Amino acid sequence: MQTAADRKWMIKSENKVLGPYSYDQIEDLLKKRQVSLIDEVRDMDTRWMYIRESEALKAIVDEIREELAKVDDHTKTYQTRTSQGQTKTGTITQDLMIENTNHQMPTFTNVSVEDAEFTEEPTEPAAPAATTQAKPPAAPGKVYVSSTDPIVHSKLRERSKLTLMILISVLLGVIVIAGGSQYYQNKEKKKQEQQSISSIRKYSLYGLESKVVEIFGNMSPELQRQILPEIIPMIPKLDSVGYINGAQTISNLKSNPGVSDQRKALLDIVQFIQSLQDEDLKKARESLIRAKDLDPSSEIIKENDAILNFYEGKFDQATKTYAELFQTMKKGRWLFGWAVSELSKPTVNSEIESLLNHEIDRYTEAHIDFKKELLLINMLIDKRMNREERFQNDYRSFVAMPLNFRQRFQIPLSVFSGIYSMFTARPIFDKLKAFLPATPKMVVETHMKLELGEVSAAQTLFSSYNSQIEDPAERANLRLQLDFALKDYSAVIAQEKTFDVSKMNTASHYVLLMSKQKSNKDAAATLIDDGITKHVNYLRTEKNVLGLWAQLLLIQDMSRKIIFVQSNSGAGEDFIPFLEIKGSGE
């Protein structure tokens, strides 16, 4: 006969039949409160009965009751209906509470039982128990099932699927949000990078070196490498501020198959300029030959070739190339290069000098770039050709030109600009001195020293000989130029009170206007002051870019400035103040 420990038991709880369970498992379920003493039980050979009534399980039941008895008395109000249908209220101990029909059972835990299965079978009502106590009605509550129950597995799978779908949805949401944020961050970054590249291209086109350097310095190394092939002429400048290694950058770009021949020719031009600055004419020629082979039709290469010919003393080739360039486009620096090359020859060609004299007259009537340098050349030709009246006109125009005004015009970075200075014209002045009377000689020499940056020498010269200048207006005009070169702006402004404004020349109005602007931090306020307006109005009469610049000073609104510059872009093509307006507006 089987003992209780060997039997398999079925449990009926909440109208569900669970099992089969072993004796030990039933004991475990009772101790965990996952079944109660009022649940029914049977083995394979007996009828259904309450667990508390089973003789076979009596040992377990007694043990459970004994454990409950050890718990501190804990009373709870209960209601039970008597057999007469009346309600009685009282308190019971914890062990009786287990039998209360309103007991809420805890969650059914996983119990591993071999061959456990869920069984539902119609059952006849159990025979009345030996006691007179009626079976309490089944209390609504939780259903406890076996972990291996296929229906439970199905429900668990459904719940797992739902949970998984929720987790996947949350994860996708997080991914979408994070991805969207990253997308917009990358998009904004790309936008800023494109803006930086566009700005560098624009400022490089206009020769605004400081702006190019500023933006380039804030770029990532990757973006710097991307833009470098487009700003090759800026390599020496970027090298000088430490942003790149110039020699290594040139080497890398030359070996890059993605860089065009035209850009590689510019790399050779960069090396050409460096060699010319070092006065290494041989290396300069080698670099220029390589550049010609890569881009033989380049206008920049032709201009540099004329410059190198000049320094090599090949004046015939220099004048030929400069004359050809000037005929294609009227530029002051090309006319200047042509003239200094011609006047540097050991023999005088009167026919060519007469042609130059005529070209300079025509050019300086409408243009102001290199005007002072060109007028100096014309004064020498005037004297050589005994054109005294022309000389007097050119002399007055020369002393009326603002100092260093050529510096307000852009020269391409790919051109060796050292040739385009008053230093190149100094031998011409030395030839001119022989033709000049004392006063004009001292005045022109003072201007030359100021143009060359020899301010102290100019001051000494003026102090020694200014008393020889008979015309007070000429002396006052020269004094204004000297004080402005000394950056003594207050002295310039003070002279206006002692000087007849009607006697001021263009240069004096210019330096007074510049001095007042520099002395007043609120430049906008000064523009409505009559002390400035009268100088602006005088300069507006100039039929060149200086007159346009004076008109621009009276315009306060930037949008109107941009429109004005655009409408006069032909006249101020290389004029740096105009280029700065263009750079800020496009």
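Residues numbered from 1 in each chain as written. Predicted model: local features only at pLDDT ≥ 70, side-chain atom pairs only at ≥ 80, totals over all residues. Heavy atoms only, no water.

Enquirer: I'm lost on the overall build of the chain in this one. Help?
Expert: Secondary structure summary: the chain contains 27 helices and 6 strands in total. The buried share of the chain, reckoned over its 586 residues, is 45%. In the chain, once contacts between residues fewer than 6 apart in sequence are set aside, the share between residues at least 24 apart is 60%. When the accessible area of the chain is evaluated, it comes to approximately 31600 Å², of which 51% is carbon and sulfur surface. (Helix = DSSP H or I, 4+ residues; strand = E, 2+ residues; numbered from the N terminus. Buried < 20%, exposed > 50% of the residue type's maximum accessible area, 1.4 Å probe, protein only. Contact = heavy atoms within 4.5 Å. Areas by Shrake-Rupley, 256 points an atom, 1.4 Å probe, with all protein chains shown as cover.)

Enquirer: Just checking my understanding: could you explain unusual backbone geometry for this structure?
Expert: Outside of glycine, negative phi angles account for most residues, and trans bonds account for most peptide bonds. The peptide bond linking Gly19 to Pro20 adopts the cis configuration, its omega dihedral lying at 0 degrees. Along the polypeptide, Pro20 turns up in strand β2 (residues 16-21). For Arg33, which is not glycine, the phi torsion reads 65 degrees and is therefore positive. Looking at where Arg33 falls in the secondary structure, it is placed in the loop between α1 (23-31) and β3 (40-43). Within the chain, Lys487 stands out as a residue other than glycine whose phi angle is a positive 60 degrees. With respect to the helices, strands and loops of the structure, Lys487 is situated in the loop between α20 (472-485) and α21 (489-495).

Enquirer: I'm lost on the pairing of β2 in this one. Help?
Expert: For a regular strand, side-chain orientation follows a simple rule: the groups alternate between the two sheet faces. Buried residues dominate β2, accounting for 5 of its 6 residues. One ladder, built from 4 bridges, connects strand β1 (residues 9-13) with β2; its direction is antiparallel. Within β2, the residue paired with Ile11 across the bridge is Leu18. Counted along the chain from β1 to the antiparallel partner β2, the turn is 2 residues long, and its residue Glu14 has a positive phi close to 60 degrees. (Pairing = 2+ DSSP bridges.)

Enquirer: I tried to follow the packing of helix α18 (residues 438-451) against helix α19 (residues 455-465) on my own but got confused; where do I start?
Expert: The angle between the axes and the distance between the axes are what describe a pair of packed helices. α19 packs onto α18 with a crossing angle of 160 degrees between their chain directions and a minimal axis gap of 8 Å. Relative to α19, the element α18 lies roughly antiparallel. Considering only the axes of α18 and α19, their crossing is left-handed. Here Met442, Glu445, Thr446, Lys449 and Leu450 of α18 lie close against α19, whose contacting residues are Val455, Ala457, Ala458, Leu461 and Tyr465. Residues that form the contact of α18 with α19 fall into these classes: 7 nonpolar, 1 polar and 2 charged. (Axes fitted to C-alpha atoms, helices over the stretch in contact; angles between N-to-C directions. Parallel < 35°, antiparallel > 145°, perpendicular 65-115°, else oblique. Left-handed = near helix turned anticlockwise from the far one by under 90°. Nonpolar A, V, L, I, M, F, W, Y, C, P; charged D, E, K, R; others polar.)

Enquirer: Before we go on, may I ask you to explain the sheet that holds β2 in this structure?
Expert: Two strands in a sheet stick together by hydrogen bonds in their backbones, pointing the same way (parallel) or opposite ways (antiparallel). The strand order across the open sheet formed by 4 strands is β2-β1-β3-β4, and the pairing between neighbours is antiparallel. Either end of the sheet is taken by a strand with one partner, and the two such strands are β2 and β4 (49-50).

Enquirer: What's the story with a nonpolar patch on the surface in this structure? I'm lost.
Expert: A grouping of Leu164, Ile168, Leu171, Leu172 and Ile175 is seen on the molecular surface, where their side chains present a nonpolar patch of about 470 Å² in accessible area. Looking at the element boundaries, Ile175 is found in helix α4 (residues 150-205). (Patch = residues over 30% accessible without salt bridge, like charges linked within 9 Å, V, L, I, M, F, W, Y side chains within 5 Å. Salt bridge = Lys/Arg side-chain N within 4 Å of Asp/Glu carboxyl O.)

Enquirer: Help me understand the pattern of salt bridges in this model?
Expert: Should the charged atoms of two oppositely charged side chains come close, the side chains can pair. Using the criterion set out here, one finds 28 salt bridges in the structure. For Asp316, the salt bridge identified is with Lys345, shortest N-O distance 3.0 Å. Linking Asp316 in helix α12 (residues 315-328) with Lys345 in the loop between α13 (332-343) and α14 (350-366), this pair joins segments that are 29 residues apart in sequence. Residue classification places Asp316 among the exposed residues on the basis of a relative accessible area of 52%. We classify Lys345 as buried; its relative accessible area is 18%.

Enquirer: Would you take a moment to explain the side chain of Gln410 for this structure?
Expert: Within the fold, Gln410 resides in the loop between α16 (388-399) and α17 (422-433). Ignoring anything within four residues of it in the chain, the contact list for Gln410 reads Leu205, Tyr206, Gly207, Arg333, Asp574, Ile576 and Leu579.

Enquirer: So what exactly am I meant to see when it comes to the environment of Val212 here?
Expert: Relative to the helices and strands, Val212 is located in helix α5 (residues 209-217). For Val212, a relative accessible area of 0% corresponds to the buried category. Once residues lying within four places of it in the same chain are set aside, the contact partners of Val212 are Ile200, Tyr203, Ser204, Ile231 and Met234.

Enquirer: Would you take a moment to explain α12 for this structure?
Expert: Residues spaced three or four apart along an α-helix point in a common direction, a consequence of the helix completing one turn every 3.6 residues. Look at α12: 20 Å from first C-alpha to last across 14 residues, which is about the 20 Å you get at 1.5 Å a residue. Summarising the contacts, the buried residues of α12 are in contact with α11 (299-311), α13 and α14. (Expected span 1.5 Å × (residues − 1).)

Enquirer: Explain the packing of helix α9 (residues 261-277) against helix α10 (residues 281-294) to me, please; I cannot follow it from the model alone.
Expert: Packing of α9 against α10 brings their axes to within 8 Å, and their N-to-C directions diverge by 170 degrees. Classified by the angle between their axes, α9 and α10 sit roughly antiparallel to one another. Along the contact surface, α9 presents Asp261, Lys264, Ala265, Asp268, Ile269, Gln271, Phe272, Ser275 and Leu276, while α10 presents Leu281, Lys283, Ala284, Ser287, Leu288, Arg290, Ala291 and Leu294. Each residue belonging to the contact of α9 with α10 can be placed in one class, and the counts come to 9 nonpolar, 3 polar and 5 charged.

Enquirer: Hey, could you run me through the packing of aromatic side chains in this one?
Expert: Here the distance between the centres and the angle between the planes together describe a pair of aromatic rings. Enumeration over the complete set of coordinates arrives at 17 aromatic pairs. With centroids separated by 6.2 Å and ring planes inclined at 20 degrees, the aromatic side chains of Phe391 and Tyr395 adopt a geometry described as stacked. With a gap of 4 residues between them, Phe391 and Tyr395 both fall in helix α16, about one helical turn apart. For the pair shown, Phe391 and Tyr395 are each scored as buried. (Phe/Tyr/Trp six-rings, centres within 6.5 Å; stacked < 30°, edge-to-face > 60°.)

Enquirer: Would you explain the confidence of the model for the chain in this entry?
Expert: Within the chain, residue pLDDT values average 83, and 83% of them lie at 70 or more. Confidence drops under pLDDT 50 across residues 74-134; counting only partners more than four residues distant or on other chains, this segment forms 106 contacts. (pLDDT = per-residue confidence, 0-100.)

Enquirer: I would appreciate a short explanation of the nonpolar core in the present structure.
Expert: Generally speaking, a soluble globular protein has its nonpolar side chains buried in company with each other. By size, the foremost hydrophobic cluster in this structure holds 101 residues, and its most contacted members are Leu376, Ile377, Tyr420 and Trp549. Ranked by size, the runner-up nonpolar core spans 25 residues in total, among them Tyr203, Leu208, Leu238 and Val270. (Core = buried A, V, L, I, M, F, W, Y, C linked by side-chain atoms within 4.5 Å.)

Enquirer: What am I meant to see in the side chain of Glu359 here?
Expert: Looking at the element boundaries, Glu359 is found in helix α14. For the buried Glu359, no salt bridge is present, and the opposite-charge side chain at shortest range is Lys330, 4.4 Å distant. Beyond its immediate stretch of four places on either side in the chain, Glu359 contacts Phe326, Gln327, Lys330, Leu335 and Trp338. (Lys, Arg positive; Asp, Glu negative; His and termini not counted.)

Enquirer: Any chance you could explain the pairing of β1 here in plain terms?
Expert: With 5 of 5 residues buried, β1 lies mostly within the body of the structure. A two-sided burial pattern is seen for β1, the buried positions comprising Trp9, Ile11 and Ser13 on one face and Met10 and Lys12 on the other. Relative to β3, β1 is paired through 4 bridges, and the arrangement is antiparallel. Looking at β3, one finds that Trp9 is bridged to Asp43.

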